[in-house]
Amino acid sequence: MNDRRRYHRFAISILSILAVAVPGPAVSARVQVELTATDRALYDSLSKSEFSDGDCHPVKPGARWETPLGELEFLEGRIAFLPRVMGRTTGCYFEGRARFFFWPEAPIERKQLERYTGKTTIDTVIERAYIRFFDPDYADGLLACTDTSLRSSVEGANRARRFVKNALDDLTLDLAAQCWAGIADGGAARRWLYLCPEIPGERRLHFMIDDSEEEAVSVWRPPAGITGTGYVDLVCSYDPSEDRPDSLRRESRLRGGFDIKHYDSHVKISGSAKMDLTVTMNCRMRNAGQSVLSLALAPDLKIEEMRIGDTTASYLYSDDGGWLLARSPQGGITTDTFTVQIVYRGNRLMDKLPWGDFFIHHTTQWLPRVTARQRATYRTQFRFPKHYDLVSVGRLVSDSTGNRHRVMVWETYGPEAYISFNYGSFERLTHTMGDGVELEVYRGKNHLDGLFSEDFKKRVARELEIVMHLYNNLFSPYPWDHLAVTEIPGSHGQGFPQLLHLAWVSFDVQRRGVTDLFLAHEVAHQWFGHIVGWRTYHDQWLSEGFADYAGALYVQARHAGNEDFFKILKDWRERILTRGGYGFWHDGPDVAPIWLGFRCASYHSPASYNNLVYSKGAYVLHMLRQAMYDYDNDTDSRFFTLLRVYVDRFAGQEPGTEDFQRLVEEFTGEPMDWFFNQWVYGTDIPKFEYRWRRDTLPDGRWVVRGRIDQIEPDPPFRVDMPVTIVTEMGRRTTLISIGGALTEFESAPLETRPTEVIFNDFFTVLCREKLIEHP
């Protein structure tokens, strides 16, 4: 989604991690509150975290409280409950001694827990914990663990307040807002529970279960070092196995329980780049009777008004976290379709830079969203000073200019996952490509071409036409009638449907292989990311890894020979395998599998997302291409047919990794679990040592005898490795199947003396390798 990379990688990596729209805590500080008197009283009551002696009871020794977040076995101590709100208990504080046990079911999640804590399970005795909920079942379960006939006192009240405050300071989560939403919605819309135990020798871990998220269970941890509020790493995230048989029931609650089908937006941009927006969304309800809606929106906005249907809504909006909770005072929404209108102002959605360019901070979050990948249709009216230009996603429906302002109306061709725009003063070049698609190149007037240099707009247009021609042939014909390519005053790139943001250096600095790959990667997102989307963050490599490999294919086609293409593969391999380096830190390939998406990165290892999801994801495609290669006929047509079928079959959809695997199996005619388990779901990298010698036969011909030792991993990987024998008469490549620790091979008789043996030719297998013995 956000392809912020290639230039200034350290600064960009944090942005790309935070910009991935995956469920997570939202900010407790600076919450805008616009509630009815009843809702305000409820929220204020829930915001208090004072524990009273009247609701404090000693625990029953040996009593157990089991939840999907783990198990608490109380040994001694007391539980102090928060005062009841509307007859509900919504939280408690435990102090004493209790055994806390947490065991993620999936091996991949246990490995991630070990990555952050050094342990695959948590089994320890804790002395305090803070718990919030709105479901009466949780309250009943905790009350059952106490002796309610006895009263106790809240010892160390200041210590309790300090513990709760420190826990909340870690988070970007307003617990009172979550409880307000649950109670205001009747308490039955979803399961929600928050638990923060004090684990000896460990920084605070925050456990949460929320049925409205794609993965109900999550565990968060603040990193070591000096950070601000909200810097937390997602340690674990998954659905408990008990929820899987009831997936249809969960579907009605996922992503807030409703879908946005259409946006009608009016956007006014001032001369200083401040934005006023009125956004009307046509929605479809999936969870009958729901009254509270949850939306994601850019931070630092001022909400002026919000309506659900014809009624002014109560809402809570986080200035820091960019989440929005809204409730219709009329109660549950009973209609299948309804409208939501939000009027808001953004002083920092876009900045005007000192030299006159404009920088858009929130390219995909400037409109309210339910989820990152939900497709909708869009109609957007932009009103802005007439001496500026604007280009957006879709078709330009109308363009009129008055005395001071220009008004443009854009509509999407069909449902899109998200839209964006670019704004500023541009020189425009329009060129109709050979396939009839109109190419529009927008070059900032503040970055003019040099006196003796070529017209950079024309150069970029030439490159883009070659890229588009290649991808039309490799993947599928481009389905729209135009592509707009715009310069931005940043060091990253980003692709939207029919619209590209390209770093200014794309129009200025020409670095063979590097600039080519960057530009082609963004174009490739038209196919991998927009024509075909991806299901969840686990599957984002189907966009970013595919786009990176498509960029490499362009470099391979653009420049004669394979030198530039092989340089890209070697660069990817080094990025994947090397710990550290590249301007910011990467913890190595074993930190996480590709399938963990943005979770490959952490606060202390921000480069791991780019190096694994982008680079390793692309390398997996290269290995698949080579595995499907027909060495007898010297063609990889089967691989490219696979990609064409993939684009055609899943156009307009969001496939998952398992969908791609099934398609690969159709082409290979065999189960491919071994391949995907090794490279997509696993973290191991094989290590090989090579040996070969040449012998003469009695008839004067030659033979090569070789040996491949797989030193790591255990058990060994299964790979097909091309081995090329070079003689005075040419080259002969043989595919060697490796499935164990030792593989020996012998060539067919050779008429001329072999001079070289190239193991792992074409950089086919991602591995560590070393030639140990040769003539």
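One can find the structure itself at the top, above this paragraph.
The following paragraphs examine the structure supplied in this document.

Rules of the game
Residues numbered from 1 in each chain as written. Predicted model: local features only at pLDDT ≥ 70, side-chain atom pairs only at ≥ 80, totals over all residues. Heavy atoms only, no water. Pairing = 2+ DSSP bridges. Helix = DSSP H or I, 4+ residues; strand = E, 2+ residues; numbered from the N terminus. Axes fitted to C-alpha atoms, helices over the stretch in contact; angles between N-to-C directions. 1 Å grid on protein atoms, 1.4 Å probe; cavity = no way out; pocket = protein on both sides within 12 Å on 5 of 7 lines; lining within 4 Å. Points joined across faces, edges and corners; volume = space filled by probe spheres on them. Expected span 1.5 Å × (residues − 1). Buried < 20%, exposed > 50% of the residue type's maximum accessible area, 1.4 Å probe, protein only. Arc of directions from axis to C-beta. Contact = heavy atoms within 4.5 Å. Polar contact = N/O pair within 3.5 Å; in protein donor to acceptor, adjacent residues only side chain to side chain. Salt bridge = Lys/Arg side-chain N within 4 Å of Asp/Glu carboxyl O. Phe/Tyr/Trp six-rings, centres within 6.5 Å; stacked < 30°, edge-to-face > 60°. Lys, Arg positive; Asp, Glu negative; His and termini not counted.

Topic: the sheet that holds strand β36 (residues 754-758)
- Ordered in space as β34-β33-β36, the 3 strands form an open sheet in which the pairing is antiparallel. Sheet topology places β34 (730-738) and β36 at the edges, where each strand pairs with a single neighbour. Recorded for the sheet is a direction-independent mean angle of 20 degrees between the axes of neighbouring strands.
- Summarising the sheet, strand β33 (residues 719-727) and β34 pair through 9 bridges and their orientation is antiparallel.

Points about empty space enclosed by the protein
- This structure, assessed with the given rule, holds 8 cavities of 30 Å³ or more.
- Counted as a void, the largest cavity has a volume near 100 Å³.
- Along its surface, the largest cavity is lined by Met-623, Gln-626, Ala-627, Trp-674, Phe-675, Trp-679, Arg-718, Val-719, Asp-720, Thr-764 and Val-765.
- Of all the secondary structure elements, the ones that give two or more residues to the lining of the largest cavity are α12 (608-627), α15 (673-679) and β33.

Describing unusual backbone geometry
- A cis amide bond links Glu-712 to the next residue, Pro-713, at an omega of -5 degrees.
- Asp-714 connects to Pro-715 through a cis peptide bond whose omega is 5 degrees.
- Inspection of the secondary structure assignment puts Pro-715 in the loop between β32 (702-712) and β33.
- In the Ramachandran plot, Asp-300 falls in the positive-phi region, its phi being about 65 degrees despite a non-glycine side chain.
- Within the secondary structure, Asp-300 is located in the loop between β13 (292-296) and β14 (301-308).
- At Phe-763, a residue that is not glycine, the phi angle is positive and equals roughly 50 degrees.
- When you line up the elements, Phe-763 lands in the loop between β36 and β37 (768-773).

What to know about helix α13 (residues 637-649)
- In this model α13 runs 18 Å from its N-terminal to its C-terminal C-alpha over 13 residues, within 8% of the 18 Å that 1.5 Å per residue would give.
- Every buried residue belonging to α13 is among Phe-639, Phe-640, Leu-642, Leu-643, Tyr-646 and Val-647, and all of these are buried. Taken end-on, α13 shows its buried residues confined to a sector of 150 degrees, consistent with a single buried face.
- Buried residues in α13 make contact with α8 (456-474), α10 (541-558), α12 and α14 (657-668).

A word on the sheet that holds strand β16 (residues 314-318)
- As summarised here, the arrangement of the 4 strands in space is β1-β16-β17-β13, forming an open sheet in which the pairing is antiparallel. Looking along the sheet, the strands with just one partner apiece sit at the ends: β1 (31-34) and β13. In this sheet, adjacent strand axes meet at a mean angle of 10 degrees when their direction is disregarded.
- This element, helix α2 (residues 37-47), spans β1, β16 and β17 (323-327) of the sheet and lies at about 145 degrees to β1.

Re the side chain of Gln-290
- Structurally, the position occupied by Gln-290 is in the loop between β12 (275-285) and β13.
- A distance of 2.7 Å separates a polar atom in the side chain of Gln-290 from the backbone oxygen of Val-292.

Remarks on the pattern of salt bridges
- In the structure shown here, the tally under the stated rule is 48 salt bridges.
- Here Glu-71 makes a salt bridge to Arg-99, at a shortest N to O gap of 3.7 Å. Of this pair, Glu-71 sits in strand β4 (residues 70-81) while Arg-99 sits in strand β5 (residues 91-102), and the two are 28 residues apart along the sequence.
- For Arg-99, a relative accessible area of 25% puts it in the partly exposed group.
- Measuring nitrogen to oxygen at the nearest pair gives 2.6 Å for the salt bridge that ties Glu-654 to Arg-375. Note that Glu-654 is positioned in the loop between α13 and α14 and Arg-375 in the loop between β20 (358-360) and β21 (377-385), a separation of 279 residues in sequence.
- Connected through salt bridges with shared partners, the residues Arg-64, Glu-71, Glu-73, Arg-99 and Asp-123 form a single ionic network.

Some remarks on the packing of aromatic side chains
- This structure, assessed with the given rule, holds 51 aromatic pairs.
- A ring pair is formed by Tyr-471 and Phe-475, whose centres lie 5.1 Å apart and whose planes are at 35 degrees; its orientation type is tilted.
- The class of Phe-475 is buried, set by a relative accessible area of 1%.
- Arranged with centres 4.4 Å apart and planes meeting at 5 degrees, the rings of Tyr-690 and Phe-759 form a pair that is stacked.

Describing the side chain of Glu-416
- Along the polypeptide, Glu-416 turns up in the loop between β24 (405-411) and β25 (421-424).
- Put simply, Glu-416 is tucked away with no salt bridge, and the nearest opposite charge, on Arg-375, sits 4.2 Å away.
- Beyond its immediate stretch of four places on either side in the chain, Glu-416 contacts Gln-374, Arg-375, Ala-376, Tyr-378, Trp-480, Pro-497 and Gln-498.

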